[in-house]
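Fold and contact review
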Amino acid sequence: EIQLLESGGGSVQAGGSLRLSCVVSGYTFNRYCLAWFRQAPGKEREGVASIYTGDGTTDYSDSVKGRFTISRDNVKNTLYLQMNNLKSEDTAMYFCASAGYDKCDLEYEYNHWGHGTQVTVSS
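Residues numbered from 1 in each chain as written. Predicted model: local features only at pLDDT ≥ 70, side-chain atom pairs only at ≥ 80, totals over all residues. Heavy atoms only, no water.

1. Concerning the overall build of the protein
Looking only at helices and strands, the protein features zero helices and eleven strands. Starting at the N terminus, the α and β elements of the protein follow one another as β-β-β-β-β-β-β-β-β-β-β. Taken against the 2.2 N^0.38 rule, which gives 14 Å for 123 residues, the C-alpha radius of gyration of the protein at 13 Å falls within 12% of a compact globule. Taken along its principal axes, the extent of the C-alpha atoms in the protein is 45 × 30 × 25 Å. Among the 123 residues that make up the protein, the fraction classed as buried is 42%. Total accessible area computed for the protein in this model is approximately 6800 Å², and 44% of it derives from carbon and sulfur atoms. Here the protein carries 11 positive and 14 negative side-chain charges, and the mean point of each set is 6 Å from the other. (Helix = DSSP H or I, 4+ residues; strand = E, 2+ residues; numbered from the N terminus. Rg over C-alpha atoms; globule rule 2.2 N^0.38 Å. Buried < 20%, exposed > 50% of the residue type's maximum accessible area, 1.4 Å probe, protein only. Areas by Shrake-Rupley, 256 points an atom, 1.4 Å probe, with all protein chains shown as cover. Lys, Arg positive; Asp, Glu negative; His and termini not counted. Charge placed at Lys NZ, Arg CZ, Asp CG, Glu CD.)

Below you can see the structure in the form of structure tokens.
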């Protein structure tokens, strides 16, 4: 069974930084999509960033471009999200997700999900 486990969330002041991690297990092949999503109370889930494990191609939502960086370690099977210059609007539960595509559009349906890690940004 494919499993994803997030960590690294916490509380930070506006302008600060956090790095989220997600350990992925259960895949028997090495090329698939990994992504980060977030959801705040009362709002719909939003795609944040994605990466293709085959060649490292990335995509970002407009709201985080220039501030967040997605990366992965294929040997450790770990996904990362480096978040810099955090804003209060970034406060949300952050989820990692995976899918068996070779083009990682954030609007695609991701079929495996972690349980989330909370990020709270105070002003």
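That shown, we press on.
2. Notes on unusual backbone geometry
Of note, the phi angle at N77 is positive, near 55°, even though the residue is not glycine. Along the chain, the position of N77 falls in the loop between β7 (68-73) and β8 (78-83). Even without glycine at this site, N85 takes up a positive phi of about 50°. Secondary-structure assignment places N85 in the loop between β8 and β9 (92-99). On the basis of relative accessible area, N85 is assigned to the partly exposed category, the value being 42%.

3. A few points about the pairing of β7
Bridge analysis of β7 against β8 gives six bridges, and the strand direction is antiparallel. Bridge pairing links I70 to L81 in β8. Between the end of β7 and the start of β8, which pair antiparallel, lie four residues, with N77 showing a positive phi angle near 55°. (Pairing = 2+ DSSP bridges.)

4. Notes on the pattern of salt bridges
A full pass over the atoms with the stated rule returns four salt bridges. The partner of E46 in a salt bridge is R38, and the shortest N-O contact between them spans 2.9 Å. In this structure, the salt-bridge partner of K65 is D62, at a minimum N-O distance of 3.2 Å. Owing to a relative accessible area of 48%, K65 belongs among the partly exposed residues under this scheme. (Salt bridge = Lys/Arg side-chain N within 4 Å of Asp/Glu carboxyl O.)

5. Digging into the nonpolar core
With 27 residues, the main nonpolar core has W36, L81, M83 and Y94 as its most contacted residues. For this core, the elements supplying multiple residues, two or more each, are β3 (18-25), β4 (33-39), β5 (46-52), β7, β8, β9 and β11 (117-122). Apart from the residues lying within four places of it in its own chain, the contact partners of M83 are G16, S17, L18, L20, R67, F68, Y94 and V119. Core analysis: the second largest hydrophobic core is formed by nine residues, C33, Y52, A99 and Y110 among them. (Core = buried A, V, L, I, M, F, W, Y, C linked by side-chain atoms within 4.5 Å. Contact = heavy atoms within 4.5 Å.)

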